[in-house]
Amino acid sequence: MLRILIALLLTSTTTALSTYELPPFTITVDESGSSNAPFLGVAHTASDTPILSSLTTVSASRAADASSLRGSSVLPFLALGTSKVTKGPIEETQYVMKEKEKWWSRTDSLAIDSTTATDDQVIISGTVFRASSQDSTSTAFTITFSAATPNPTDPESGASLNFDVTLADGGGNRAYLNLASPSSEKIFGHGVQYSSVNHKDKTVPIIISEQGIGRGLQPITGFLNTFVGGSGGSWHTTYGCKPIFMTDMNRGLMLTNTETTIFDYTSESAEAVEIEVWGYPVSGALYYYAESPMAFTEMLTEYTGRMSALPEWTQEGAIIGLEGGSDIVEEKMASLMAADIPIKGLWLQDWAGLHHSYDGDRLQWNWRLSNDQYPRWSSMKSTMEDAGIKMLTYINPYFQINLDDDDEVAESQFTQGDKSGYFIKDNNNETYVFKSGSIKFGCLDVTNPAAREWMKFIIKENLIGEASSFGWMSDFGEAVPYDAILYSGVSGADHHNEFPEYWQQVNREAIEEIGMQDEIMFFSRSAFNKSPSQARVFWLGDQLTTFDDKDGLGTVLISAQSSGLTGNTLTHSDIGGYTVVDYPLAHYHRSEELLKRWIEVEAFSGSMFRTHVGSSFEDSDFQIWDTDESMAFFGKFASIFAYLKDYRQSLFVEAAEKGHPLVRSMFLEFPTDQNAWDENLLKVQFMFGGDFLVAPVIIEGDVTKSVYFPDFDGCSNWVSVWSEDTYDCGSTVEVDADLGKTPVFYKAGCEIGAGLKAFLASK
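Every value quoted in this text rests on a predicted model; they were computed, and no experiment measured them. (Residues numbered from 1 in each chain as written. Predicted model: local features only at pLDDT ≥ 70, side-chain atom pairs only at ≥ 80, totals over all residues. Heavy atoms only, no water.)

Side note on the packing of helix α6 (residues 413-420) against helix α7 (residues 449-466)
- Where α6 meets α7, the axes come as close as 12 Å, and the angle between the chain directions of the two elements is 155°. Between α6 and α7, the crossing angle belongs to the class labelled roughly antiparallel. Here the hand of the crossing between α6 and α7 comes out right-handed. Contact residues: α6 offers Gln-413, Gln-416 and Gly-417, while α7 offers Trp-454, Ile-458 and Asn-462.
- Among the residues forming the contact of α6 with α7, the class breakdown is 2 nonpolar, 4 polar and no charged. (Axes fitted to C-alpha atoms, helices over the stretch in contact; angles between N-to-C directions. Helix = DSSP H or I, 4+ residues; strand = E, 2+ residues; numbered from the N terminus. Parallel < 35°, antiparallel > 145°, perpendicular 65-115°, else oblique. Left-handed = near helix turned anticlockwise from the far one by under 90°. Contact = heavy atoms within 4.5 Å. Nonpolar A, V, L, I, M, F, W, Y, C, P; charged D, E, K, R; others polar.)

Right under this line is the structure:
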């Protein structure tokens, strides 16, 4: 019998166990009172493989602090703690938690008082307390398991079981779930993760922030973390983390909590998972999948919501990112259009003008068309429309205070919003003033219905109306401080992670209210649990213009896969990367080779095919229009992207109906092939849908690539899209990977693969 344990503590004594049924799950409880860590288990009848088991040793990261707080190295499945954060973990949108949490106390024992069962619930009641302390204070708890839900897509493939953990008020401000996990277990998910695939032996914080610049790549990360307020980030800083994981042992877990949560997989024996939630109650679901982990994504997306198909025009060619004003844009677009490149969109993120200061020329956050920046917007728009090219713009939920062209604006949008009380407030009930370098701004309070309507009006009137925009980057969403005052009364700490869901809903509703959801889209960066139900497509952040796997091209492969596991099924990245750096001892500029390798990746993975000029639009950073050859190269892969339109649209249907991602970790398609679960392989190759194996070159200068060809029942062989070469299932082969021929393969007999091969041969 399968044991899915939210809390399992093995003891050396034999105890009387009571069993309760919530088919197809069985809940087993030790009600004997003989242990300070009684047994609680949840079992599925379809398998002998354990699902979740609880912590039996103190986790390494807590051992020093916790040793004086606990009377035993054996911990109960539930604990209550009290901690104090001496300084908020978000500073100027960057997660810089470091050593700012102070331990106070934590319970070390648990007693089960009663278990009540009905047809659709099992309720366990008891107390948690500190046996090691003179203080005999105890806190009551209940754990409620609710009726199981079979996977609606295929009831035989898996099931989920909801749970709720409540603790009496006043006893603390942290809840802990202690779970056992074999050292060999592989743990995946947690939203948009850039560096880690298998999270075993790591601590994963669930707190949305800027991803950072460098994220461990040196010397840039050290420099920025030391001298620029922690803006270098770390391996775990991300815009889109989620309290969701699945494993290679047919199980998964999801929390609905929005509070900061820390998943600690670093026990000394690697046999444990400790989940620390900065508040309670704690709610979520346990998942069991029988064979294919794809059943996990199907069940999970019943909760998160599923992403819908993008407008058809987005699938027919490239979206060109440009900026710099009318003269530059018209010149570059004329060159690209003359090169016979399939172009369907022109994205101008500087449409609202620029702010000039010590940190360079930056976008101005006042969401009106800038006639200074684009004096010929109307004629340029007409030229694009005649060529079948749609206009795209940019917006974020921030409103700039210190506008450059303040004299020309009778009343800025910040002034309007400030007068109306539409922004997040500080402790003095004044607009919370944020800083991003030289820019001072207020943040939209998305919990205020009037503020939401105002922002939707801006989108409809200024982006869609004035600028004729058929899409936009819907940026940011990571800045809510923990001491913020919100219209709804929810705390800033509780709202911080969920802000992206509200922000994406505002964008979506603005489009739906004018009936243009089949024509207009927006692309989002930040994300939380239910973002897939609101966002149209995600982009994978602001990568450095490097090849590396900490903040460069290598992170695109990792983050696209981890995103897809937890509901973000439609993703893409800035072609060529975004962040250009020119600091002392740290110079990162876009090379021609990097740009071309990035183009290859996106043609065979992106839900859209969109370029970016980068954070610094300079001659030292290679652009697609720099040479005739580079335009031809880009045109070739834009044509490939367009050719794959029908294939992607079939995958969009899968995403909308079942929650299947476009970019898939190999184990989603080949769960019985143990190599498909290998972290080293997952970092360098992936499946595009169920038919294409993609193994891009992500190391500078490489012209060959070691590729593993997954094995599966009925596998004949794998076929290259570039040649007549075929490869045995289960083999590893060093293949040619010249620029322009990134390694891509399809299953023998696949019609779309054979069609692509013929298309490429005709080119």
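Having seen the model, we can carry on.
Description of the sheet that holds strand β40 (residues 718-720)
- Strand order across the open sheet formed by 6 strands is β36-β37-β38-β43-β40-β41, with antiparallel pairing between neighbours. Of all the strands in the sheet, the pair left with one neighbour each is β36 (663-664) and β41 (726-727).
- As paired elements, β40 and strand β43 (residues 744-747) share 3 bridges and run antiparallel to each other. By the bridge assignment for β43, Trp-718 is matched with Lys-747. (Pairing = 2+ DSSP bridges.)

Observations regarding the state of the cysteines
- For the structure shown, the criterion picks out 1 disulfide.
- Linked covalently through their sulfurs, Cys-715 and Cys-729 form a disulfide whose S-S length is 1.5 Å. Its S-S torsion of about -60° marks the bond between Cys-715 and Cys-729 as left-handed, since a negative value means left-handed. One end of the pair, Cys-715, is in the loop between β39 (704-708) and β40; the other, Cys-729, is in the loop between β41 and β42 (732-736), with 14 residues separating them in the sequence. Neither residue differs from the other here; Cys-715 and Cys-729 are each classed as buried. (Disulfide = S-S within 2.5 Å. Buried < 20%, exposed > 50% of the residue type's maximum accessible area, 1.4 Å probe, protein only.)

Re the environment of Gln-505
- Assignment of secondary structure puts Gln-505 in helix α9 (residues 499-512).
- Using a relative accessible area of 23% as the deciding quantity, one classes Gln-505 as partly exposed.
- Spatially, the C-alpha atom of Gln-505 lies 8.5 Å from that of Ser-533, the residues being 28 residues apart in sequence.
- If we ignore the near neighbours within four places in the chain, the residues touching Gln-505 are Arg-452 and Gln-534.

Some remarks on the pairing of strand β3 (residues 25-30)
- Across the 6 residues that make up β3, a large majority, 6, are buried.
- What you see with β3 is no split at all: Phe-25, Ile-27 and Val-29 on one side and Thr-26, Thr-28 and Asp-30 on the other are buried throughout.
- Examined bridge by bridge, strand β2 (residues 17-22) and β3 share 6 bridges and lie antiparallel to one another. Within β3, the residue paired with Glu-21 across the bridge is Thr-26.
- Connecting β2 to the next strand, β3, in antiparallel fashion are 2 residues.
- Where β3 lies against strand β4 (residues 40-44), 5 bridges are found, and the strand directions are antiparallel. In the strand pairing of β4, Ile-27 is matched with Val-42.

Here we look at the packing of aromatic side chains
- Counting across every chain of the model gives 41 aromatic pairs.
- Arranged with centres 6.1 Å apart and planes meeting at 80°, the rings of Phe-712 and Trp-718 form a pair that is edge-to-face.
- Taking the relative accessible area as the measure of exposure, Phe-712 reaches 22% and is therefore partly exposed.
- Through successive ring pairs, a cluster of aromatic residues spans Trp-365, Tyr-398, Tyr-432, Phe-434, Phe-441 and Phe-476.
- The residue whose ring lies beneath Lys-390 is Phe-470, and the NZ or CZ to ring-centre distance is 4.2 Å.
- We note Lys-747 situated over the ring of Phe-712; from NZ or CZ to the ring centre the distance is 5.0 Å. (Phe/Tyr/Trp six-rings, centres within 6.5 Å; stacked < 30°, edge-to-face > 60°. Lys NZ or Arg CZ within 6 Å of the ring centre and 35° of its normal.)

A closer look at the nonpolar core
- Membership of the largest hydrophobic core comes to 123 residues, with the highest contact counts inside it found for Met-333, Phe-604, Phe-609, Phe-634 and Phe-692.
- Look past the residues within four positions of Phe-634 in its chain and what remains in contact with it is Ala-318, Ile-320, Ile-341, Ile-575, Ile-599, Phe-609, Thr-611 and Ile-624.
- Residues Leu-40, Ala-159, Phe-263 and Leu-286 belong to the second largest nonpolar core, which totals 45 residues. (Core = buried A, V, L, I, M, F, W, Y, C linked by side-chain atoms within 4.5 Å.)

Brief notes about helix α10 (residues 553-565)
- For α10, a buried count of 13 out of 13 residues is recorded, marking the element as mostly surrounded by other parts of the structure.
- Of the residues trailing α10, Gly-567 is marked for its positive phi of about 110°.

Re α6
- Listed in full, the buried residues belonging to α6 are Gln-413, Phe-414 and Gly-417. One face of α6 carries all of its buried residues, which in axial projection span an arc of 100°.
- The elements touched by buried residues of α6 are β27 (398-400), β29 (439-443) and α7.
- Taken from the residues just after α6, Gly-421 is the one with a positive phi, measuring 75°. (Arc of directions from axis to C-beta.)

As for the sheet that holds strand β26 (residues 390-395)
- If you trace the 7 strands from one edge of the open sheet to the other, you get β22-β23-β26-β30-β31-β32-β33, paired in parallel fashion. The strands lining the two open edges of the sheet, one partner per strand, are β22 (318-322) and β33 (571-572).
- The pairing of strand β23 (residues 343-348) with β26 spans 3 bridges and is parallel. Within β26, the position partnered with Gly-345 by the bridge is Lys-390.
- Along the sheet face, helix α4 (residues 326-338) touches β22 and β23 and points at about 165° away from the line of β23.

Re the side chain of Ser-146
- You can see Ser-146 is positioned in strand β11 (residues 138-146).
- Dropping the residues within four chain positions of it, Ser-146 is found in contact with Leu-22, Asp-120, Gln-121, Leu-161 and Asn-162.

A short note on the environment of Asn-428
- Mapped onto the fold, Asn-428 is located in the loop between α6 and β28 (434-436).
- With 57 residues separating them along the chain, Asn-428 and Ile-485 place their C-alpha atoms 9.2 Å apart.

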